[in-house]
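Report on the structure
Below are the chains, spelled out letter by letter.
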Amino acid sequence: MQTKILRSRRKTLSLRITPWGDLEIRAPLRMPDREIQAFVAEKARWIEIHRTQVLRDQAQGALAPLDEAALEELKEQTRQKLALMLERHAAHMGISYGRVSIRCQRSRWGSCSAEGNLNFNCLLALAPEEVMEYVAVHELAHRKQMNHSPLFWQEVARECPRYIQCRRWLKQNGGALLARARRGRE
Ligand SMILES: [Zn+2]
C-alpha cells in the first residue's frame, strides 16, 4: 500500500482509500508529520477494513449482468459526469470537440473520430471517477494526436498525472466490467 499526503489550506485531517487500494491523506499545510503519522496509526484498523472492502468490491462488482433499465440509467450518469470533465479538460488543453455519444458497448471505453466526435461507454459510470476522467482525457488527447505515440502519452500525462494507475485499473478490472453489458450489443 502506498501512502500519499496532500497538503492544503484545510483545518482537519481526512483519509481516503483510492480505487487502487492506496492511502490518501489530506492534511493542513503546517501540521507536523508525526501528528499525521499518529492519526494514521490510530486509524490503522479502519484503513485495513476499508482497503479490503474496496479491493473486494472491485473484484465482485464485475459479476452481475446489467439489465436494459440499469444500462439506461448508467448512460445518463455517464453523460452527466463526462460533460463536466470534457468541458474542463478541453478548455485546459485548448482543444475543441464535436458530438458526444454514450453507448453500451462490450469492447471499448471510448473513441474519437477524425471529425472530433467522441464516443464513450456507459459502463464508465461504474468505474472509479479517476478512471472515467482518464478515458475522457485520453479521447481528448486524440484531438491533438490521432495515435498512441510518445507525444500522445505526453499530452495525457500532462492532463492526467495518474494515468498509469488508471490504465492498470482498466486492465485488471475492465474486462469483467465490460462483460456486464450482456446481449452482445456493440
Ligand atoms: Zn486511444
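Residues numbered from 1 in each chain as written. Predicted model: local features only at pLDDT ≥ 70, side-chain atom pairs only at ≥ 80, totals over all residues. Heavy atoms only, no water.

**Regarding the overall build of the protein**
Within the protein, the regular secondary structure consists of six helices and six strands. For the protein, the N- to C-terminal ordering of α and β elements is β-β-β-α-α-α-β-β-β-α-α-α. Across its three principal axes, the protein shows a C-alpha extent of roughly 55 × 40 × 25 Å. Here the protein holds 186 residues, and 44% of them are scored as buried. Pairs at least 24 residues apart make up 56% of the contacts formed inside the protein by residues separated by at least 6 positions. (Helix = DSSP H or I, 4+ residues; strand = E, 2+ residues; numbered from the N terminus. Buried < 20%, exposed > 50% of the residue type's maximum accessible area, 1.4 Å probe, protein only. Contact = heavy atoms within 4.5 Å.)

**Examining the pattern of salt bridges**
This model, assessed by the stated rule, comprises 12 salt bridges. One salt bridge connects R26 with E24, and the closest N-O pair in it is separated by 3.1 Å. The class of R26 is partly exposed, set by a relative accessible area of 33%. We classify E24 as buried; its relative accessible area is 4%. Where R162 meets E24, a salt bridge forms, and the shortest distance between an N and an O atom there is 3.1 Å. With R162 in the loop between α5 (150-159) and α6 (163-178) and E24 in strand β3 (residues 23-28), this residue pair connects regions lying 138 residues apart in the sequence. By the burial criterion, R162 is buried, and E24 matches it. Through salt bridges with shared partners, one network takes in R16, E24, R26, E130 and R162. (Salt bridge = Lys/Arg side-chain N within 4 Å of Asp/Glu carboxyl O.)

**Description of helix α4 (residues 129-141)**
The first and last C-alpha atoms of α4 sit 18 Å apart over 13 residues, in line with the 18 Å expected at 1.5 Å per residue. Most of α4 sits inside the fold, with 12 of its 13 residues counted as buried. Among the residues of α4, those classed as buried are E130, V131, M132, E133, Y134, V135, A136, V137, H138, E139, L140 and A141. Buried residues along α4 sit against β2 (14-17), α3 (68-93), β5 (110-112), β6 (118-121), α5 and α6. (Expected span 1.5 Å × (residues − 1).)

**Focus on the domain arrangement of the protein**
Much of the literature gives interface size as the accessible area that the parts lose upon coming together. Split into domains, the protein comes out as domain 1 (3-60) and domain 2 (68-178). Using C-alpha coordinates to define each centre, domain 1 is positioned 27 Å away from domain 2. Residue-level contacts link seven residues of domain 1 with eight residues of domain 2. If you look at where domain 1 meets domain 2, you find two salt bridges. Here domain 1 and domain 2 share two residue pairs in polar contact (both at pLDDT 80 or more) between them. In the side of domain 1 that touches domain 2, the residues fall into two nonpolar, two polar and three charged. (Domains from an automatic or database assignment. Polar contact = N/O pair within 3.5 Å; in protein donor to acceptor, adjacent residues only side chain to side chain. Nonpolar A, V, L, I, M, F, W, Y, C, P; charged D, E, K, R; others polar.)

**Details of the nonpolar core**
Among the nonpolar cores identified, the biggest contains 40 residues, and L71, L82, W109, F120, L123, Y134 and V156 are the most heavily contacted of them. Among the elements of the structure, α3, β6, α4, α5 and α6 are those that each provide at least two residues to this core. Among the elements that line this core, the one with the most residues is α4, at eight residues. Apart from the residues lying within four places of it in its own chain, the contact partners of F120 are L82, L86, V100, S101, I102, R103, W109, G110, V135, A136 and E139. In terms of nonpolar packing, the next biggest core, distinct from the first, is built from 10 residues, I25, M31, I36 and I47 among them. (Core = buried A, V, L, I, M, F, W, Y, C linked by side-chain atoms within 4.5 Å.)

**Looking at the coordination of the zinc ion**
The protein atoms that coordinate the zinc ion are H138 (NE2), H142 (NE2) and H148 (NE2), at distances of 2.0 Å. Mapped onto the sequence, the residues coordinating the zinc ion show the spacing H-x3-H-x5-H. A residue pair is termed long-range when its members are at least 10 positions apart, and H138 in helix α4 and H148 in the loop between α4 and α5 qualify at 10 residues. (Donors = N, O, S within 2.8 Å, 3.2 Å for Na, K, Ca; no water.)

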